[in-house]
Amino acid sequence: MGDLGFNAFISIFVSADEMQSDQNIIKFTQTELVLDSRELYLEERNSTVLKYLENLYREVHEALGAHATTAAQDAKDVVDFQIQLAKATEPKEKMMDRINQLHRMTLANMTARFPQFDWLRYVQRQFSQMGLSYNINLEEVVVNDALVYYTNLFKLVNQTSVRTLLNYGMWRFVHKFLDFLDPRLDKVRVIVSDTDSQSSERWKTCVKITELSFPYAVGRLYVDKKFSPNDKRRTEHMFEKLTVAFKEMLLEVTWMTQRTMEKALKKLNNLGNKIGYPDLILNDTALNAKSEMYIVEENNFFGNNLEITKKFRLSMLQKLRKPVDVTEWPLSPSTVNAFHSYQTNEIVFPAGVLSPPFYSRKLSDALMFGSIGFIIGHEITHGFDISGSTFDEKGNLNLWWTEEDFKIFQNRTQCLVNQFSQFVDKELNMHVNGWLTLHENIADNGGVKEAFRAYRSVIKERGREEDKYPSLPYTQDQLFFIGLAQVLCGKFSPSSRKLYLLSDSYSPDNFRVIGTLQNSEDFERVFKCPVGSPMNPRHKCQVW
């Protein structure tokens, strides 16, 4: 099943080398788990989610023809194994420490370190199965960020029956493709679940899969209908204003030496952006070329998805020996998301996120900067979060700080760790993980500061304040912060919040708002919060 990318134990792929970001390299990392969070496997064995996982395995395999007694025993054994496999992996916050996690080595080094496995044969077969030959030998340089995991893995494999290993490998495959099988199997997930799972309407599944399979084509349809060149220009202008604001914030830093300051400014000055959509999607010839390798049969949904998955895998492996394509978009233009790429030193803002409540042509500048401006500022600041700060202006993993400056930076981030670790979901009696969420909390705190500064610079250039909305009692400065709160407004079930708190790198939305604005001097001033009140504590956390 390797040609479909289902490596149940050993995860291998080709992508940009974090130490030499213009080149692609073979990478080994931890396996993915069936459940979204490693921590869910560490709960009591009879927890709701582990019982659900066991029942799901049993019901699906019975539906596929297994005997009920056999399916029940295999289900128990496979879930027990998954628990041990999860324990073999390292926590997400540990994996974020790229400086210490990443190890460059040859396949000969890998073989010497883990002689239990034929690494060379495995890598060669990954490529040969797809019809590729790169003359890979033991001197091939690879990157591994999961040495602890592989040490644990081989111990675990030696303690596990072959039947359980094979069952788990096949289960990974079946579970991944449940969406593409008979709708009755989709219903099994709801029947055996006493969580909040819902079976999606079939058309929604088809739309989702089409967007994932043909992101440029769907992006073209979306941009034609929902996004204009004026929207793109307005957002690019906001990006420029926010970049200037962050530069001003950097220049005001007093704890950083001149040498480190110069490197930081160099990185910021080289920050790129991909906003809206790639120009190629408006070119029919270029757009069609992106899809020409795929063959889609109208009445073969399952087969189509196997074929598309193989082609995706082939395209990924073909990147080896080639320079990184910096024009490639990692998200469909219709995606409602945004992110910062450490390795290309750029932010990506698809057209999908540039829609209400994040963006609208009808919003005042205050609401615009408080919503999408805050998101843009958040992504800019990611270049200087606890991980982003270890990548240089070219996107290479390179600690460009002086040793003393980096220690001061880390000490300043500890304030945010402490602050957010004190937030508690009272219904669940669970604390926010201040370490796991540190990256995003740094980005939120920097994002609101630079977004408000950028908004005020626009007003200063204009020479007058924006008119108040006649039906609202708020100033436009106050609406800036209300806009921020609105884009982080959400509602989650208890089980979803639990998963969020266990595994998500973001703090829950309500704590993102409260924690970030408690640290904002602009918020305190605009809303006239008394010193020492909940939203204006005497001690504020400031990284940037």
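Now for a description of the structure that goes with this document.

About the criteria used
Residues numbered from 1 in each chain as written. Predicted model: local features only at pLDDT ≥ 70, side-chain atom pairs only at ≥ 80, totals over all residues. Heavy atoms only, no water. Buried < 20%, exposed > 50% of the residue type's maximum accessible area, 1.4 Å probe, protein only. Helix = DSSP H or I, 4+ residues; strand = E, 2+ residues; numbered from the N terminus. Pairing = 2+ DSSP bridges. Axes fitted to C-alpha atoms, helices over the stretch in contact; angles between N-to-C directions. Contact = heavy atoms within 4.5 Å. Salt bridge = Lys/Arg side-chain N within 4 Å of Asp/Glu carboxyl O. Phe/Tyr/Trp six-rings, centres within 6.5 Å; stacked < 30°, edge-to-face > 60°. Lys NZ or Arg CZ within 6 Å of the ring centre and 35° of its normal. Expected span 1.5 Å × (residues − 1). Polar contact = N/O pair within 3.5 Å; in protein donor to acceptor, adjacent residues only side chain to side chain. Parallel < 35°, antiparallel > 145°, perpendicular 65-115°, else oblique. Left-handed = near helix turned anticlockwise from the far one by under 90°.

1. A look at helix 21 (residues 509–518)
- Extensive coverage of helix 21 is indicated by the burial of eight of its ten residues.
- Three or more residues of helix 21 are buried, namely D509, F511, R512, V513, G515, T516, L517 and Q518.

2. Concerning the sheet that holds strand 7 (residues 346–350)
- Pairing in this open sheet of three strands is mixed, and the strands run 5-7-6 from one edge to the other. Two strands bound the open sheet, and with one partner strand each, they are strand 5 (272–276) and strand 6 (339–341). For this sheet, the mean angle separating the axes of adjacent strands, direction not counted, is 20°.
- As paired strands, strand 5 and strand 7 are joined by five bridges and run parallel to one another. Bridged to K274 within strand 7 is V348.
- Docked against the sheet, helix 12 (residues 229–251) engages strand 5 and strand 7, running at close to 150° with respect to strand 5.
- Sheet strands in contact with helix 16 (residues 365–382) are strand 6 and strand 7, and its direction is about 150° off that of strand 7.

3. Some details on the pattern of salt bridges
- For the structure on display, the rule yields 35 salt bridges.
- The shortest N-O distance in the salt bridge between K76 and D80 comes to 2.9 Å. Taken together, the residues span about one helical turn, with K76 and D80 both in helix 2 (residues 68–88) at a distance of four residues.
- Judged by relative accessible area, D80 falls into the partly exposed class, the value being 24%.
- Salt-bridge contacts for D279 lead to K232; the nearest nitrogen and oxygen are separated by 3.4 Å. Taken as a pair, D279 in the loop between strand 5 and helix 14 (284–289) and K232 in helix 12 lie far apart in primary sequence, 47 residues in all.
- Residue D279 is classed as exposed on the basis of its relative accessible area, which comes to 58%.
- Within the structure, one salt-bridge network assembled from shared partners comprises E18, K27, R98 and D145.

4. Quick look at unusual backbone geometry
- Along the chain, P356 connects to P357 via a cis peptide bond; the corresponding omega equals 5°.
- One non-glycine residue with positive phi stands out, namely N345, at about 50°.

5. What to know about the packing of aromatic side chains
- Under the definition given, this model contains 46 aromatic pairs.
- Between W119 and F154, the aromatic rings sit 6.1 Å apart at their centres with planes inclined by 85°, giving edge-to-face as the arrangement. In this pair, W119 is assigned in helix 6 (residues 119–128) and F154 in helix 7 (residues 147–158), connecting sequence segments 35 residues apart. Judged on exposure class, the residue W119 and its partner F154 are both buried.
- Ring geometry for F180 against F301: centres 5.7 Å apart, planes inclined by 85°, an arrangement best described as edge-to-face. Of this pair, F180 sits in the loop between helix 8 (162–176) and helix 9 (183–191) while F301 sits in helix 15 (residues 301–317), and the two are 121 residues apart along the sequence.
- A cation sits over an aromatic face here: K232 above Y277, 4.3 Å from the ring centre.

6. Describing the sheet that holds strand 3 (residues 103–106)
- Spatially, four strands are ordered 1-2-4-3 in an open sheet, and the strand pairing comes out mixed. Edge positions in the sheet fall to strand 1 (11–17) and strand 3, since each of these pairs with one other strand and no more. The average undirected angle you get between the axes of adjacent strands in this sheet is 40°.
- Lying over the sheet, helix 7 contacts strand 1, strand 2 (20–29), strand 3 and strand 4 (141–144), oriented at roughly 20° with respect to strand 2.

7. Regarding helix 17 (residues 403–421)
- Between its terminal C-alpha atoms helix 17 stretches 27 Å, which fits the 27 Å expected from 19 residues at 1.5 Å a residue.
- Along helix 17, the positions that sit buried rather than exposed are D405, F406, F409, T413, C415, L416, V417, Q419 and F420.
- Those residues of helix 17 hidden inside the fold are in contact with helix 13 (258–269), helix 18 (438–462) and helix 21.

8. Quick word on the environment of K27
- For K27, the position within the fold is in strand 2.
- As for K27 and R104, which are separated by 77 residues in sequence, their C-alpha atoms are 9.3 Å apart.
- Once residues within four sequence positions are removed from consideration, K27 is found in contact with S11, I12, F13, S15, A16, D17, E18, V143 and Q343.
- Within the structure, the side chain of K27 is placed 3.2 Å from the side chain of S15, a separation counted as a polar contact.

9. Regarding the packing of helix 10 (residues 202–213) against helix 15
- Contact pair helix 10 / helix 15: the axes reach a minimum separation of 11 Å and the direction vectors enclose 25°. One element, helix 10, and the other, helix 15, form an angle in the roughly parallel class. Crossing geometry of helix 10 relative to helix 15 is assigned as left-handed. Counting all contacts with helix 10, which are made through R202, I209, L212 and S213, the residues of helix 15 involved are F301, N305, I308 and F312.

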